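Structure assessment
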Amino acid sequence: MIKKKTKNPTDDISELTEIKLFENEVGKQFVNTKIYIEKLICDSLALEISNITESEKLSNLALSYSEKIDDKLLITKSLSQLGRINLIKSNFQIALDFFYKALDYNKILNNQQIYVSLYNNIGVIYLNQSDLWKALEFLIKSIDICKTLGDKFTICRQLTNIAAIHTETCNYPKAIESLQESLKISNEINDLYTYAASILN
């Protein structure tokens with residue numbers, strides 16, 4: 001069975017690698033294994049800014065265990081988190097590789113919220129690489145899904161990025177249109193951060 005831990009799993013990362021997730025009675029611990037992997041991913045997410053090295057170790061563990069039980073949702077989440085970590089580290093090509101692998105798995109799952117997250121992150125990478133048309137392509141894909149999900153928060157945030165792209169390509173009418181739409185939505189949902197960003201742009 002999985003050992004119950006009362007302390008933060010990052011206190012001793014070596015202990016995590018020694019945990020036996022696959023003993024003789026795999027069936028009995030299968031659900032617990034999934035919960036444990038979810039916790040690894042959550043801990044990795046929490047540490048990605050303050051301790052990115054430990055965050056990466058946790059995500060790699062999560063990916064390894066997810067692949068052992070062939071859980072495509074957890075594999076997708078682990079790959080996505082490894083993509084986020086490499087994005088933070090400015091390892092853009094490595095991050096893209098992880099995000100595209102996650103996209104391949106998500107084609108099986110067809111999880112719309114995961115699509116939104118992946119499209120946003122891929123769009124941001126292309127934006128950082130000044131591949132503006134690719135960035136625009138993925139940000140628009142994200143917004144299209146967000147409209148069906150009713151996710152106005154993400155829509156107004158990405159509209160500011162799209163406005164920046166239009167500004168960079170000197171398409172000022174489109175830039176103004178995107179900013180106005182972002183302002184309208186941010187005002188509706190009381191998103192002061194995006195409202196301020198839209199005004200400053």
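Because the structure is a prediction, the values reported are computed rather than measured.

**Considerations on the overall build of the protein**
- When you go through the protein residue by residue, the secondary structure sums to ten helices and zero strands.
- For the protein, the α and β elements follow one another from N to C terminus as α-α-α-α-α-α-α-α-α-α.
- Counting across all 201 residues of the protein, residues that qualify as buried make up 43%.
- Of the contacts formed within the protein by residues at least 6 apart in sequence, a portion of 53% connects residues at least 24 apart.
- As displayed, the protein has an accessible area near 11100 Å², and 53% of this comes from carbon and sulfur atoms.

**A look at unusual backbone geometry**
- One non-glycine residue with positive phi stands out, namely D70, at about 55 degrees.
- Among the structural elements, D70 can be located in the loop between helix 3 (52-69) and helix 4 (72-88).
- Although it is not a glycine, S90 adopts a positive phi angle of roughly 65 degrees.
- Here S90 shows up in the loop between helix 4 and helix 5 (92-109).
- On the basis of relative accessible area, S90 is assigned to the partly exposed category, the value being 45%.

**Observations regarding the packing of helix 5 against helix 6 (residues 112-128)**
- Their axes nearest at 10 Å, the elements helix 5 and helix 6 cross at an angle of 155 degrees. The orientation of helix 5 relative to helix 6 falls into the category roughly antiparallel. Judged by the sense of rotation from one axis to the other, the crossing of helix 5 with helix 6 is left-handed. Touching F92, A95, L96, F99, Y100, A102, L103, N106 and K107 of helix 5 are I114, Y115, L118, Y119, N121, I122, I125, Y126 and N128, all from helix 6.
- Tallied by class, the residues present in the contact of helix 5 with helix 6 amount to 14 nonpolar, three polar and one charged.

**Here we look at helix 8 (residues 152-168)**
- With 17 residues, helix 8 ought to run about 24 Å at 1.5 Å a step, and its terminal C-alpha atoms sit 24 Å apart, in line with that.
- Those residues of helix 8 not exposed but buried are T154, I155, C156, Q158, L159, T160, I162, A163, I165 and H166.
- Positive phi shows up at C170, right after helix 8, with a value of about 65 degrees.

**Here we look at the state of the cysteines**
- What the rule picks out here adds up to zero disulfides.
- Here C156 stays unpaired: no disulfide links it, and the sulfur of C146, its closest cysteine neighbor, is 9.9 Å away.

**Description of the nonpolar core**
- If you look at the biggest cluster of nonpolar residues, it comprises 34 residues, and the most contacted ones within it are I122 and I125.
- Put simply, the parts of the chain that give this core at least two residues each are helix 4, helix 5, helix 6, helix 7 (132-149) and helix 8.
- Sequence-distant contacts of I125, defined by excluding residues within four places in its chain, comprise L87, F92, A95, L96 and F99.
- In this structure, I41, L61, A62 and L74 belong to the second largest nonpolar core, which totals eleven residues.

**Details of the packing of aromatic side chains**
- Evaluated as defined, the whole model comprises five aromatic pairs.
- Its guanidinium or amino end placed over the ring of F138, K141 lies 4.9 Å from that ring's centre, counting from NZ or CZ.

**Topic: the confidence of the model for the protein**
- The predicted model of the protein has a mean per-residue pLDDT of 84, with 79% of residues at 70 or higher.
- Of the regions scoring below 50 in pLDDT, residues 1-6 engages in 13 contacts with residues more than four places distant in sequence or in other chains.
- Scored below 50 in pLDDT, residues 193-201 shows 16 contacts in the model against residues more than four places distant or in partner chains.

Criteria and thresholds
- Residues numbered from 1 in each chain as written.
- Predicted model: local features only at pLDDT ≥ 70, side-chain atom pairs only at ≥ 80, totals over all residues.
- Heavy atoms only, no water.
- Helix = DSSP H or I, 4+ residues; strand = E, 2+ residues; numbered from the N terminus.
- Buried < 20%, exposed > 50% of the residue type's maximum accessible area, 1.4 Å probe, protein only.
- Contact = heavy atoms within 4.5 Å.
- Areas by Shrake-Rupley, 256 points an atom, 1.4 Å probe, with all protein chains shown as cover.
- Axes fitted to C-alpha atoms, helices over the stretch in contact; angles between N-to-C directions.
- Parallel < 35°, antiparallel > 145°, perpendicular 65-115°, else oblique.
- Left-handed = near helix turned anticlockwise from the far one by under 90°.
- Nonpolar A, V, L, I, M, F, W, Y, C, P; charged D, E, K, R; others polar.
- Expected span 1.5 Å × (residues − 1).
- Disulfide = S-S within 2.5 Å.
- Core = buried A, V, L, I, M, F, W, Y, C linked by side-chain atoms within 4.5 Å.
- Phe/Tyr/Trp six-rings, centres within 6.5 Å; stacked < 30°, edge-to-face > 60°.
- Lys NZ or Arg CZ within 6 Å of the ring centre and 35° of its normal.
- pLDDT = per-residue confidence, 0-100.

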